[in-house]
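Remarks on the overall topology
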Amino acid sequence: MPSVTVEPADPRPLVDGDVVVGSRCTGCTRPDAWQRERCPACLGVCVSERFGPGGIVWSSADVHLAVGHREPPFTLAQVDLDDGPRVLVTVRPTGEVPPGTRVRIVGTDDGDVVVES
Amino acid sequence: MNPSIVGVGTSAFGRFPTARIESLAHTAIVEALDDAALRPGDIDAAYVGSVFGPAGIANRVLAGVGLAGIPVYRIEAACASGTVALHEAQRAVRTGMHRRVLAVGVEQLSVVFDGPIVPEPTDPEGRSGLALPALYALQANRYLAEHGLDPAVLAHIAVKNKFAGSMNERAHLSGAPPSVEQVLASRPIAGPLTLLQCCPMTDGAAAVIVGDGTEGGVPILASSFVSGPAWESGSDEPWSMRTVSAAASAVWEASGRGPDDVDVAEMHDAFTIGEILTTEALGLAEPGMAGRLAAEGVTALGGRLPINPSGGLLSRGHPLGATGLAQAAELVWQLRSQSGRRQVDGARTALLETMGGGAAGVDGNACVVALLGGDR
Ligand SMILES: [Zn+2]
């Protein structure tokens with residue numbers, strides 16, 4: 001195995017306070033959780049846009065495995081941010097919330113996007 | 001040319017951390033060559049599926065069984081790596097590029113991970129903690145909520161497949177099948193998925209030789225390969241369903257057959273919810289009904305449409321790159337009436353499906369659906 005000391009770039013969405021700093025396509029209006037220069041759908045030019053803090057849970061699940069720094073149990077959810085992209089978040093307090101539940105981004109934990117219901 | 005499968009073989013499936021990875025593949029390839037009554041010199045090209053196999057593994061495997069010197073392609077398509085290898089092998093024959101092609105898949109997960117697969121840290125969702133059971137658990141909770149179903153519907157899939165797997169001597173987990181209550185009471189893993197609803201981490205290999213139809217074999221009526229489209233805000237179907245349906249539609253169109261023509265199927269049950277979503281996406285069950293079909297025995301051995309008579313990934317295990325070819329081997333044995341106690345009586349048309357996933361933002365990395373046999 002190669003031995004490296006460089007940490008790979010953090011691929012998670014960038015959060016500023018209680019919003020995700022993403023972008024939107026000026027061509028097809030598609031929202032994206034990352035600061036794209038060109039749209040993944042149509043290659044149109046994207047401009048920066050902030051999404052959240054509000055969103056709706058698409059689904060959530062308690063995870064009973066240790067994953068990275070996360071001790072079990074913790075709760076993950078796919079959340080459709082209002083008029084924005086779908087993002088994978090950590091739910092606080094830990095516990096599943098039904099699809100359709102309104103949640104708010106409250107910040108990050110070691111880089112994970114955190115929401116509360 | 002009309003491609004057909006002329007030989008199949010597999011290793012045993014289990015944990016073999018002290019074996020050399022090549023030896024797992026060699027067992028499968030030699031069985032397939034013997035099954036086809038072919039020699040290494042008869043093979044024109046090879047497609048090798050492996051996800052976590054080391055660099056150079058494709059050439060090392062082939063060189064050890066007299067297959068050095070032919071064109072060799074390594075394929076990584078997550079859980080569908082072996083099935084994509086089969087798809088490409090049959091395509092090479094169908095288009096006349098080659099006459100006989102080997103598809104082989106090999107994986108030795110026991111030397112790569114101590115526990116479950118560690119999510120890829122350069123992937124946004126992997127870095128956010130989305131282990132594979134969690135990806136499927138999110139779909140399970142969405143599906144159960146959508147259809148107003150109890151988690152017990154998931155457990156019926158595990159009971160059914162582990163019953164079939166108890167008759168498969170090559171399976172990783174071939175012990176006595178659990179009850180629904182035992183499945184539900186096993187250790188929670190993610191969401192409604194308990195330990196007995198998750199496939200084990202398995203080492204193994206499988207091989208399939210595709211010929212051009214002039215030497216008999218099991219016809220590959222159609223095969224399709226779809227990479228998932230974007231899966232994002234506004235996609236209401238659970239992850240993977242659009243991709244599986246697209247691959248299935250292409251197979252129905254190319255073959256002129258439909259779900260009603262299928263006698264037996266092997267599909268991607270890495271987690272119980274996977275089989276449920278796939279059964280419905282393939283058109284083999286109405287939305288919300290796949291769990292009930294398992295509970296009622298319709299999709300069990302002896303039922304109208306047995307699904308995963310091998311025991312599926314839940315029993316055989318899931319050596320990623322080998323899985324699709326192990327599924328194909330099972331279906332070939334079924335169509336030749338060589339499946340012993342697991343035999344599906346009168347099986348003439350068989351459906352194969354494998355779904356590979358894990359990349360953030362796409363509805364699956366790869367799905368292959370193929371239709372085999374087809375005697376009317
Ligand atoms: Zn666009």
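Worth saying up front: this structure is predicted, and the values here are computed from it rather than measured.

1. Quick look at the overall build of chain B
What chain B contains, in helices and strands, is 12 helices and 11 strands. A compact globule built from 376 residues would reach a C-alpha radius of gyration of about 21 Å, and chain B, at 19 Å, matches this within 12%. Projected onto the principal axes, the alpha-carbon positions of chain B cover approximately 55 × 45 × 40 Å. Residue burial in chain B is summarised as follows: out of 376 residues, 64% are buried. Counting only carbon and sulfur atoms, one obtains 52% of the accessible surface of chain B, whose full area is about 12,700 Å². Placing the 25 positive and 38 negative side-chain charges of chain B at their respective mean positions leaves the two points 5 Å apart.

2. Structural notes on the coordination of the zinc ion
Residue and element names in this part refer to chain A. Here the zinc ion is held by the protein donor atoms Cys25 (SG), Cys28 (SG), Cys39 (SG) and Cys42 (SG), which lie 2.2 to 2.4 Å from it. Considering all 4 donor atoms around the zinc ion, the spread of angles at the metal, 95 to 119°, places the coordination shape in the tetrahedral class. Residue Cys39 is classed as buried on the basis of its relative accessible area of 1%.

3. Regarding the pairing of strand β9 (residues 112-116) of chain A
All names here are of chain A. With 4 of its 5 residues buried, β9 lies for the most part within the structure. Pairing between strand β8 (residues 102-109) and β9: 5 bridges, direction antiparallel. Looking across to β9, one finds that Ile105 is bridged to Val115. Between β8 and β9, which pair antiparallel one after the other, the connecting turn spans 2 residues, and Asp110 there sits at a positive phi close to 50°.

4. Notes on the pattern of salt bridges
All names here are of chain A. Tallying each qualifying case throughout the model produces 29 salt bridges over all chains. Asp83 is paired through a salt bridge with Arg24; the nearest N and O atoms lie 3.2 Å apart. Of this pair, Asp83 sits in the loop between β6 (74-81) and β7 (86-92) while Arg24 sits in strand β2 (residues 19-25), and the two are 59 residues apart along the sequence. Given the relative accessible area of 63%, Asp83 is considered exposed.

5. Let's talk about the nonpolar core
Residue and element names in this part refer to chain B. Formed by 61 residues in total, the largest nonpolar core has its most connected members in Ile273 and Leu351. Among the elements that line this core, the one with the most residues is helix α5 (residues 132-147), at 8 residues. Beyond its immediate stretch of four places on either side in the chain, Ile273 contacts Tyr136, Gln139, Ala140, Tyr143, Leu154 and Leu193. With 39 residues, the next largest nonpolar core counts Ile75, Ala77, Val218 and Trp333 among its residues.

6. Comments concerning the sheet that holds strand β1 (residues 4-10) of chain B
Residue and element names in this part refer to chain B. As summarised here, the arrangement of the 9 strands in space is β3-β2-β4-β7-β1-β8-β11-β10-β9, forming an open sheet in which the pairing is mixed. On the outer flanks of this sheet lie β3 (72-75) and β9 (264-266), each paired with one strand and no other. Adjacent strand axes in the sheet meet at a mean angle of 25°, parallel and antiparallel pairs treated alike.

7. Re the pairing of strand β2 (residues 45-49) of chain B
All names here are of chain B. Burial analysis of β2 places 5 of its 5 residues in the buried class, which makes it a mostly covered element. A two-sided burial pattern is seen for β2, the buried positions comprising Ala45, Tyr47 and Gly49 on one face and Ala46 and Val48 on the other. Where β2 lies against strand β4 (residues 101-108), 5 bridges are found, and the strand directions are parallel. Directly across from Gly49, in β4, lies its bridge partner Gly105. Once the chain exits β2 it traverses helix α2 (residues 57-63) before rejoining the sheet at β3, and the crossover so formed is right-handed.

8. Points about unusual backbone geometry
Across the chain, the bulk of peptide bonds are trans and the bulk of non-glycine residues have phi less than zero. The omega torsion across A:Gly52 and A:Pro53 is 10°, close enough to zero to call that bond cis. Structurally, A:Pro53 can be placed in the loop between β4 (46-51) and β5 (54-63). Of the consecutive residues A:Arg92 and A:Pro93, the connecting peptide bond is found in the cis state with omega at -10°. Here A:Pro93 shows up in the loop between β7 and β8. Here the phi dihedral of B:Ser337 falls at roughly 60°; this positive angle occurs in a residue that is not glycine. Position of B:Ser337 among the secondary structure elements: in the loop between α12 (320-335) and β10 (349-356). The exposure class of B:Ser337 is exposed, given its relative accessible area of 56%.

9. Focus on the side chain of B:Ser186
Residues and elements named next belong to chain B. The topology assignment puts Ser186 in the loop between α7 (180-185) and β5 (188-190). In this structure the side chain of Ser186 is engaged in a polar contact, spanning 2.7 Å, whose partner is the backbone oxygen of Val183. Among the polar contacts listed, one links the side chain of Ser186 to the backbone nitrogen of Leu195, at a separation of 3.4 Å. Not counting residues within four places of it along the chain, the set of residues in contact with Ser186 comprises Thr194, Leu195 and Leu196.

10. Observations concerning the confidence of the model for chain B
Per-residue confidence for chain B averages 97 on the pLDDT scale, and 100% of its residues sit at or above 70. Scored as a complex, the prediction yields pTM 0.97 and ipTM 0.96.

11. Quick notes on the interface of chain B and chain A
Many structure descriptions define interface size as the accessible area lost when the parts assemble. Between chain B and chain A, the contact holds 33 residues from the first and 30 residues from the second. Of the roughly 2,500 Å² buried between chain B and chain A, counting both surfaces, carbon and sulfur atoms make up 61%. Summed over the shared surface of chain B and chain A, the number is 11 residue pairs in polar contact (both at pLDDT 80 or more). Looking at the side of chain B that touches chain A, the elements that each hand over two or more residues are α4 (124-127), α5 and β5 of chain B.

12. As for the packing of helix α8 (residues 241-255) of chain B against helix α9 (residues 272-281) of chain B
Residue and element names in this part refer to chain B. At their nearest, the axes of α8 and α9 sit 8 Å apart, and the two run at 45° to each other. In this view, α8 runs oblique relative to α9, as classed from their interaxial angle. Once α8 is placed against α9, the crossing between them reads as right-handed. Counting all contacts with α8, which are made through Met241, Val244 and Ser245, the residues of α9 involved are Leu277, Thr278, Glu280 and Ala281. A breakdown of the residues in the contact of α8 with α9 according to their chemical character gives 4 nonpolar, 2 polar and 1 charged.

Conventions used here
- Residues numbered from 1 in each chain as written.
- Chains lettered and ligands numbered in written order.
- Predicted model: local features only at pLDDT ≥ 70, side-chain atom pairs only at ≥ 80, totals over all residues.
- Heavy atoms only, no water.
- Helix = DSSP H or I, 4+ residues; strand = E, 2+ residues; numbered from the N terminus.
- Rg over C-alpha atoms; globule rule 2.2 N^0.38 Å.
- Buried < 20%, exposed > 50% of the residue type's maximum accessible area, 1.4 Å probe, protein only.
- Areas by Shrake-Rupley, 256 points an atom, 1.4 Å probe, with all protein chains shown as cover.
- Lys, Arg positive; Asp, Glu negative; His and termini not counted.
- Charge placed at Lys NZ, Arg CZ, Asp CG, Glu CD.
- Donors = N, O, S within 2.8 Å, 3.2 Å for Na, K, Ca; no water.
- Tetrahedral: all angles 85-135°; square planar, octahedral: opposite > 155°, others 65-115°.
- Pairing = 2+ DSSP bridges.
- Salt bridge = Lys/Arg side-chain N within 4 Å of Asp/Glu carboxyl O.
- Core = buried A, V, L, I, M, F, W, Y, C linked by side-chain atoms within 4.5 Å.
- Contact = heavy atoms within 4.5 Å.
- Axes fitted to C-alpha atoms, helices over the stretch in contact; angles between N-to-C directions.
- Right-handed = clockwise from strand over helix to strand, strands pointing away.
- Polar contact = N/O pair within 3.5 Å; in protein donor to acceptor, adjacent residues only side chain to side chain.
- pLDDT = per-residue confidence, 0-100.
- Buried area = accessible area lost by both parts, 1.4 Å probe.
- Parallel < 35°, antiparallel > 145°, perpendicular 65-115°, else oblique.
- Left-handed = near helix turned anticlockwise from the far one by under 90°.
- Nonpolar A, V, L, I, M, F, W, Y, C, P; charged D, E, K, R; others polar.

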